[in-house]
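Structural description and commentary
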Amino acid sequence: MPDTTELDPRRRRLLFRARHRGTKEADLLIGGFVARAIATLSEQELDELEAVLEYPDADLADWLSGRRPVPAACDSPMLRRIAAEAAARGAAEAP
């Protein structure tokens, strides 16, 4: 995880938003990804991340855990990237 003092204000704000979603599941799924990736995201990817963070926690948790498919209207490269990492981490942690 990057030292937050080395991040610009936009990245610090996004990291905070991702880690303080309101539900523990969303905090872990989204906050973990953002903490690992925030320092290397491009400006376009930051825009995409901001859009993802606008979705309700319940929807994000369902989409990222695979309980429900992502609706076509909400699908984005960033959401697919977060979902792929969540799936890979879940598979790695499975017994």
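Heads up: these notes are all about the structure in this document. (Residues numbered from 1 in each chain as written. Predicted model: local features only at pLDDT ≥ 70, side-chain atom pairs only at ≥ 80, totals over all residues. Heavy atoms only, no water.)

1. A closer look at the packing of aromatic side chains
In this structure the tally under the stated criterion is one aromatic pair. Between Tyr-55 and Trp-63, the ring centres sit 5.3 Å apart and the planes meet at 75°, which makes this aromatic pair edge-to-face. We classify Tyr-55 as partly exposed; its relative accessible area is 22%. The exposure class of Trp-63 is buried, given its relative accessible area of 6%. (Phe/Tyr/Trp six-rings, centres within 6.5 Å; stacked < 30°, edge-to-face > 60°. Buried < 20%, exposed > 50% of the residue type's maximum accessible area, 1.4 Å probe, protein only.)

2. Overview of helix 1 (residues 9-19)
Each turn of an α-helix holds 3.6 residues, which means side chains three or four residues apart point in the same direction. Taken together, the buried positions of helix 1 are Arg-10, Arg-11, Leu-14, Leu-15 and Ala-18. Along the long axis of helix 1, the arc covered by the buried residues comes to 130°, so they all point the same way. Seen from the buried face of helix 1, the exposed residues on the opposite side, beyond 90 degrees, are Pro-9 and Phe-16. Against helix 2 (24-37) and helix 3 (43-53) lie the buried residues of helix 1. The N-cap of helix 1, judged by a side-chain oxygen 3.0 Å from the amide nitrogen of Arg-10 a few residues on, is Asp-8. (Helix = DSSP H or I, 4+ residues; strand = E, 2+ residues; numbered from the N terminus. Arc of directions from axis to C-beta. Contact = heavy atoms within 4.5 Å. Polar contact = N/O pair within 3.5 Å; in protein donor to acceptor, adjacent residues only side chain to side chain.)

3. Observations regarding the nonpolar core
Counting 23 residues, the largest nonpolar core has Ile-30, Val-34, Ile-38, Leu-41, Leu-49, Met-78 and Ile-82 as the members making the most contacts within it. For this core, the elements supplying multiple residues, two or more each, are helix 1, helix 2, helix 3, helix 4 (57-65) and helix 5 (77-93). When residues in this core are grouped by element, the largest group, six residues, is from helix 2. (Core = buried A, V, L, I, M, F, W, Y, C linked by side-chain atoms within 4.5 Å.)

4. Details of the packing of helix 1 against helix 3
Where helix 1 meets helix 3, the closest approach of the two axes is 11 Å, and the angle between their N-to-C directions is 30°. Taken together, the axis directions place helix 1 and helix 3 in an arrangement best described as roughly parallel. When you trace helix 1 past helix 3, the crossing you get is left-handed. Contacts between helix 1 and helix 3 pair Arg-10, Arg-11, Arg-13, Leu-14, Arg-17 and Ala-18 from the former with Glu-43, Leu-46, Asp-47, Leu-49, Glu-50 and Leu-53 from the latter. Residues that form the contact of helix 1 with helix 3 fall into these classes: five nonpolar, no polar and seven charged. (Axes fitted to C-alpha atoms, helices over the stretch in contact; angles between N-to-C directions. Parallel < 35°, antiparallel > 145°, perpendicular 65-115°, else oblique. Left-handed = near helix turned anticlockwise from the far one by under 90°. Nonpolar A, V, L, I, M, F, W, Y, C, P; charged D, E, K, R; others polar.)

5. Focus: the environment of Glu-85
Relative to the assigned elements, Glu-85 resides in helix 5. Owing to a relative accessible area of 22%, Glu-85 belongs among the partly exposed residues under this scheme. For Glu-85 and Gly-32, which are 53 residues apart along the polypeptide, the C-alpha to C-alpha distance reads 9.8 Å. If near-sequence neighbours (up to four positions away) are discounted, Glu-85 is found in contact with Phe-33 and Arg-36. Here the side chain of Glu-85 touches Arg-36 through a polar contact of 2.3 Å, side chain to side chain.

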